[in-house]
Structures are given as C-alpha cells and as structure tokens.
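Residues per chain, in single letters:
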Amino acid sequence: MGTWRVGRKWRETMDMHDSHVALPPTVIHPPTKKRIHEIHTLLSTSLPLHPSQPPFAMAATHKKHLLSASALKLGTSVDKLVEEFEAGWQPETTDYLRKLVEFCSLKALNQMCLKIGEKISDGSLSRFTYSMMLAWVMPDSADEVSYDECVAKEKEERKIPPKETEEQDEIPLFYSDLMPLLVDHEPSVGEDAFVWLGSLFPLVADVVNGRFTFETLTAPTGNRLHFPAYDKFLKEIDKCIKHLQKQATPKGVELADDEFILHVEGIASTQRVVRHIGATSWPGRLTLTNYALYFDAMGVLSYEDAFKIDLSKYIDHHLKSGATGPWGAPLFDKAIIYESPELSESVILEFPEITSSTRRDHWLALSKEVMLLHQFLNKFKIESPIQAWEMHSRTILGIIRLHAAREMLRISPPDPTKFLIFALFDELPKGDYVLEELAKGLKNANSWRACSASSILRSLNVSQQSIALTEVKEEPAGESESVSGQADNFSTLESAINQAREEEKETFIAKATTEGLKQEGIGDNILVLKEQLRPLMNVVPLFQDIVQWKQPATTLLVIITTLVITYKEWFHQAVAAFLLWVVAKMVKARRENVRDKLNKIVVSRGSDQTTIESIVLAQQGFITVQDIVKTMTIATMKIQSILVSRTNKHGNTVMLVMVGSAMLIAVVPLRFIAMATTVYYFVTTSKLGKYIANDRGNRRLKEWWESIPVVPVEIEDKASNIGT
C-alpha cells in the first residue's frame, strides 16, 4: 500500500485534466506493471496544440510533454520522477502540478547545463526551456477564467494595429511585421514565467533584473514572449559569446585568469574610437573587460601598448558623459570622461557618430557596470572567491544579454541599464535595498548548482581557472530541487525589487511633468520662476510696512516677540512653531482641494510695453547688472588692501574696531547683543530715530571707504604673463 500512496495525487490530478482533453478515462487502482505502462503511454501521447483547444487541454498537453521530455533527458520514466517528487512533497502544499513541473524541469535542466553549447546550437535548449515556461504558466481550474480573458485580450490586440509613437517608428521588421505571422498559432509566455526561468537558468535572465529585461525585450510585442523571438535571443547570446572569445588581447597586456573581454570597438569591422589628450586626438582600439578598460593607440603599422584604466580599484574615481571635439573644443556630446585621483588629468574617449550618442551611452553603461560591480564586492565585503566569481559571472551574462538584444533590435536599440544589474539599481529609487538583499543571498549561497552563472560560463569555455572545483560544495539533490526553498530565498529579494519598480513608476511620472519645462528657453524659465516667487514677493511690502512703522501695533508685537525669543533662547521652539504653521497650511490646502483647482500654471509672455520700451528696459537692466559687478569687484579689492595694510591708517582703524568687537563679544552674552541690535534697528526706522538722526557719521564712513586705495589692475592677453 505504500507504493499505492506514491503517485496517487498525480494520477487524480491528471485524470481531472484528461476529462477535458477527451482522453481515455483513467481508473485509479494499485499500480501494476501493466498499469504503469498504460500511464507512461498516456503521458507520452503527443497532442496537437491549437488555439481552439480549451485551457485544460493545453495545460495537460504542455505538462505531459514536459514531463515526458524531462524523463527522456534524465534516462528514467515519468512514474519514477513522480514517485521521487511525492517522496518529499507535503500534502498541505498547494499548486501540486506547478511544483511537479518545477521539480522535473530543474532536474532535466541541470543535466542539460553540462553541455549547454551544443544544446543552444541544435535548438533543443530553447525548445525545452520554452516548454518549461508554458507548462509552468498554463492554468489550473482556478485560473481558467483569468487565462481565457488574457488570451482573448491578446487576440483582440493582434487584430487592432497599435498606434506607434515617434520612438516606436523604427522598431525592427522582425518584431513589428513578421512576428504576428510567425507566432499567431502558438501560445506565448508572460513576465512571471520568464522571471521564474531566470531564477533557474541565468543565461536567459537574471532574477534581479529579469522583469526589466522582459519589459524591454517584449515591448514591441505587447509584453508577450513568443518562441521565435526567444529562440533568436538564445542563439544571439551564443553568437556573442563565441565572438567575444575570438577577440584579440590588448597589446602588451596579459589578462588575468578570471578576466574576460566584454566589448571591443575601434577595429576594422567596427566604428572608431578617439582619445583626446589636450589639443591632440589619437584613434585606436578600446577593449572592456570585467576589470578594466584598455585603449590601444593606433601606430604606423600596428597598435601601441595599451593604456589601462583600472575599474576594479576601490577609490574615488568617476565615469561621466561629456562633450569634446577638435582641439579640445566641447562641440559634440559623444564622449566619456574618466576622472581619478591617481591621474593628473582626465581621460577623454570619444565615440564619433553622425546623429545620436547611442554608442557613447552603451559604453558608459557597460563601464559603469564593471565599476559598480567591484564597488559592490568591496562595499559588502564579498571575500570568498566562489561568491565573487559568481557575481562576476552574472555581470558578464548580463552584458552578453545586452549585446544579444542590440543585435535583435538594431534599429531601435534598447536601454542598456535594463539588462544590467548594478547600473540599473544604481539609478532606481530604493535600488540600494535590492543590492543589500542581493549581497545577503550571495553570501548564503555556498553550494554549487549545475545551472548557476559560473557553471554556465564554465560549460561555455569561459571558465575561471583560479578556483578549483574541490572548493565548491555541491548541493544535495533534495535541497537543490526544493522549489519551496528557492521561493523562500527569493521572497525578500522579490519584495525589494517590486518596491523599487513601484518607486520607479512614481519617479517616472514625476519626471515626465518636468520634461517640458527643461526644454524651454531661459526666458520662459525666468517667467515661470517669477510666477512661482510671486507669493514671496507679496510678503516684501508687508515687511516694509512693519519696519517703517506704518502698522505700529504689528511692529511693536514683532519687536516684543523677537526680544522674548532672543532673551529666553527659544530659537528651537520658534523653528518648531514655524514648521507646525507650514503643516497647518498644507492641511488646509488639502481640505480645500487646492491640488484639483491648480491643474496648471498659466504664464503669459505678452507685455503692455512697445518694442522700443522693451529694448530700453533691457538696456537699463544690463547697465544695472554691470554696475553691480563693478561695485562688487571694487569692494573685494578694497578689502584686500585693508587686509594687507596697503595704507597703515585704514589697516589700524579696522584692527582697532575688530579688537573692540572681540572684547565686547567675549564679555557680553550674544543674546544681549542681538537684542540691542534689534532695538537699535527699529528705533532708527521710527519717527523718533529719524528726528534725532545725524547723517554726519554715515558721511564720514563713506569718505573713509572711498579713500582706500586698491592695487592697480593690468589686463593682458597672454595667460603666462598674468601674476597671481
């Protein structure tokens, strides 16, 4: 009877599906040899896939195909796979069929990863992994209604051509025209299935940025992944790996055992790269590895020894975009600027293009990814060689996936950061939380998996020789194939990723509201700024009325309040009261629905002045600014003369005043000085102050200021003759 218990859940579930597939009815009884053969024959039956089949039929068909294929690759039978699964399955666990699919898929995938290169070339890997996604995502009874709605909506969207925006006008023909013809008769997969496959098989996607990769890759196809595109994607990945392995090593450089070439440009088959040093320009070859950038300047017959930009050092170095051109003139925004405290001057690399700066953006994203990788390893103290190489491998695979996507989307290149890990979450809000969870998961994963990123690179002959396989602890079969364990490991990381995605959507909407203003000229921005500052400008007349005693009661209240706050030293309470007042204003605005009333700000460019009046006003404004600049220049030069005692009379006067002020501040508490200053200011602006005022003191101060000589200034054209 023990043997009878094993496999019962599987047979009951499959019999429920078989009632919809119109297969022969299955009678449950203890499994004899004849019965096992009947079940194996039933599961091995190839059923044609057609859109007219009900969801249960398609679900059962895909699951049966997958289980049969998994058993064939493992050299066993479906019954033995089911028996092995149910030995560790807990009856209270839900989603029996999905977890069975995950169990069998992982076992077969681990076997295929040992010879992954051959499987990609003959197409068996893409077909099997795509079947994995279909079997995982196809509905059970609880999901039938939602799945029907999804399929109906997708068919309806295929009938109605989507409205293309300006950014989508240049989508490749493979995606915009041929794709519906190629895949209309086959089901497609969505984001969740793609990310699930990425958690098991990181060649396709990384679980950290898999959702961003899927959105970018399937944007032209309505966020649905079809098999022709998926198969093309995997084959392009294989091509990119083989292409990078054939690239020549930079001249005069011996790459480390774990250093892999990730991108090369500047050779005969690619566009050129130019390095600017002062007013000179040097074309050459630029090579990126997972440790550094290498630039080989082009010589007469061959390349010169490579100049190395080490991206792996944990120092305060930066990569940014910049403009450059002939003789160092900042004419074209197509350059990368590298700054480091170890270099006396910045390294400027230009990527010439006729129109856009796509190449520059691509190189900048890749270089930042490598730099951020090493900062991540140093920040979170990833010291284990196994863990560090695993993170290197995941970064390398992310860059290779980006290359493959660019080959598929040549006319409309994708956003590079969507395929990279560190460059993406360095920009996203709350991305640092995701990286923290990634570091925790990396430190906890001390076991070796056949389909880990490092294992995949090893099977593709991109191996790290410095780490011996004996150092790696292999997972027991039961643990590596425990889907619930994997779900626990990724739950916290998935929560952080979802939070970052939600924050990104909010930030994107907020940034979209400012794009129009950024594109406007300085004149329009000044008009908008004046409109925003108008409430503050209305406060100025009120302040002037208080200072000039036009409202005596208010002025006295301000004086008394200021003196009390100063004497009692209630500055903290005053700031707190001000903040609470601002909060009260915000609550009032929310209750009055000011945000709904203020849908937009209307700013008028028109003016009541004529053209001549506007020109005269602009000229007067220019003269005013010029006078202010001259006054500030003369004032700074007079202060310099006083500090260096160009005339002893003025220097002595200033020193005596400063000594007296220092003694006063040292003896008298500061609050009394502030109170005296406040009273003196308000008294001088009152009628009594104006009555007893004497302009003689101001006149003597003005005369003293004007009598201060300055150092003569001589303007010369040659910079070398200018003294300091």
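Rules used throughout
Residues numbered from 1 in each chain as written. Predicted model: local features only at pLDDT ≥ 70, side-chain atom pairs only at ≥ 80, totals over all residues. Heavy atoms only, no water. Axes fitted to C-alpha atoms, helices over the stretch in contact; angles between N-to-C directions. Helix = DSSP H or I, 4+ residues; strand = E, 2+ residues; numbered from the N terminus. Parallel < 35°, antiparallel > 145°, perpendicular 65-115°, else oblique. Left-handed = near helix turned anticlockwise from the far one by under 90°. Contact = heavy atoms within 4.5 Å. Nonpolar A, V, L, I, M, F, W, Y, C, P; charged D, E, K, R; others polar. Buried < 20%, exposed > 50% of the residue type's maximum accessible area, 1.4 Å probe, protein only. Salt bridge = Lys/Arg side-chain N within 4 Å of Asp/Glu carboxyl O. Core = buried A, V, L, I, M, F, W, Y, C linked by side-chain atoms within 4.5 Å. Patch = residues over 30% accessible without salt bridge, like charges linked within 9 Å, V, L, I, M, F, W, Y side chains within 5 Å. Areas by Shrake-Rupley, 256 points an atom, 1.4 Å probe, with all protein chains shown as cover.

1. Considerations on the packing of helix H5 (residues 78-87) against helix H6 (residues 96-112)
Any two packed helices are characterised by the angle at which their axes cross and by the distance between the axes.
Argument step 1. The contact between H5 and H6 brings their axes to 10 Å, and the two run at 115°. When the axis of H5 is compared with that of H6, the two are roughly perpendicular. In terms of crossing hand, the pair formed by H5 and H6 is right-handed. Side by side, H5 and H6 meet where Leu81, Val82, Glu84, Phe85 and Glu86 of the first sit next to Tyr96, Lys99, Leu100, Phe103, Cys104 and Lys107 of the second.
Argument step 2. Looking at the contact of H5 with H6 residue by residue, the class counts come to 7 nonpolar, no polar and 4 charged.

2. Re the environment of Leu288
Argument step 1. In this fold, Leu288 is placed in strand S3 (residues 280-289).
Argument step 2. Residue classification places Leu288 among the buried residues on the basis of a relative accessible area of 0%.
Argument step 3. C-alpha separation for the pair Leu288 and His263, spaced 25 residues apart in sequence, amounts to 5.2 Å.

3. Quick notes on the pattern of salt bridges
Argument step 1. Under the definition given, this model contains 22 salt bridges.
Argument step 2. Arg211 is the partner of Asp192 in a salt bridge, and the nearest nitrogen-oxygen pair spans 2.9 Å. Pair noted here: Asp192 is in helix H11 (residues 191-200) and Arg211 is in helix H12 (residues 210-217), with a separation of 19 residues, a long-range link.
Argument step 3. By relative accessible area, which is 43% here, Asp192 ends up partly exposed.
Argument step 4. Judged by relative accessible area, which is 13%, Arg211 ranks as buried.
Argument step 5. Ionic pairing is found between Glu342 and Lys313, a salt bridge with its closest N-O pair at 3.0 Å.

4. Some points on the nonpolar core
Argument step 1. Grouped together as the largest cluster of nonpolar side chains are 80 residues, with contacts concentrated most on Met133, Phe201, Leu203, Tyr230 and Leu311.
Argument step 2. Those residues within four positions of Phe201 in sequence are excluded, and the remaining contacts are Leu109, Cys113, Ile116, Leu125, Thr129, Cys451 and Ile456.
Argument step 3. Listed in part, the 26 residues of the second largest apolar core include Phe212, Phe380, Val434 and Ala500.

5. Topic: a nonpolar patch on the surface
Argument step 1. Side chains of Val575, Phe578, Leu579, Trp581, Val582 and Met586 sit close together on the surface and give an oily, nonpolar patch of about 620 Å² of accessible area.
Argument step 2. For Trp581, the position within the fold is in helix H24 (residues 571-591).

6. Some points on the packing of helix H23 (residues 552-568) against helix H28 (residues 670-684)
Argument step 1. With their axes 9 Å apart at the nearest point, H23 and H28 run at an angle of 170° to one another. One element, H23, and the other, H28, form an angle in the roughly antiparallel class. Taking contact as the criterion, the partners of Thr555, Val558, Ile559, Thr562, Leu563, Thr566 and Tyr567 in H23 are, on H28, Arg671, Phe672, Ala674, Met675, Thr678, Val679 and Phe682.
Argument step 2. Taken together, the residues of the contact of H23 with H28 sort by class into 9 nonpolar, 4 polar and 1 charged.

7. Details of unusual backbone geometry
Negative phi is the rule for most residues except glycine; trans is the rule for most peptide bonds.
Argument step 1. Its identity as a non-glycine residue notwithstanding, Glu569 has a phi of 60°, on the positive side.
Argument step 2. Tracing the chain through its elements places Glu569 in the loop between H23 and H24.
Argument step 3. Despite not being glycine, Asn593 has its phi angle at roughly 55°, a positive value.
Argument step 4. Within the secondary structure, Asn593 sits in the loop between H24 and helix H25 (594-597).
Argument step 5. Residue class for Asn593 comes out partly exposed when judged on its relative accessible area of 36%.

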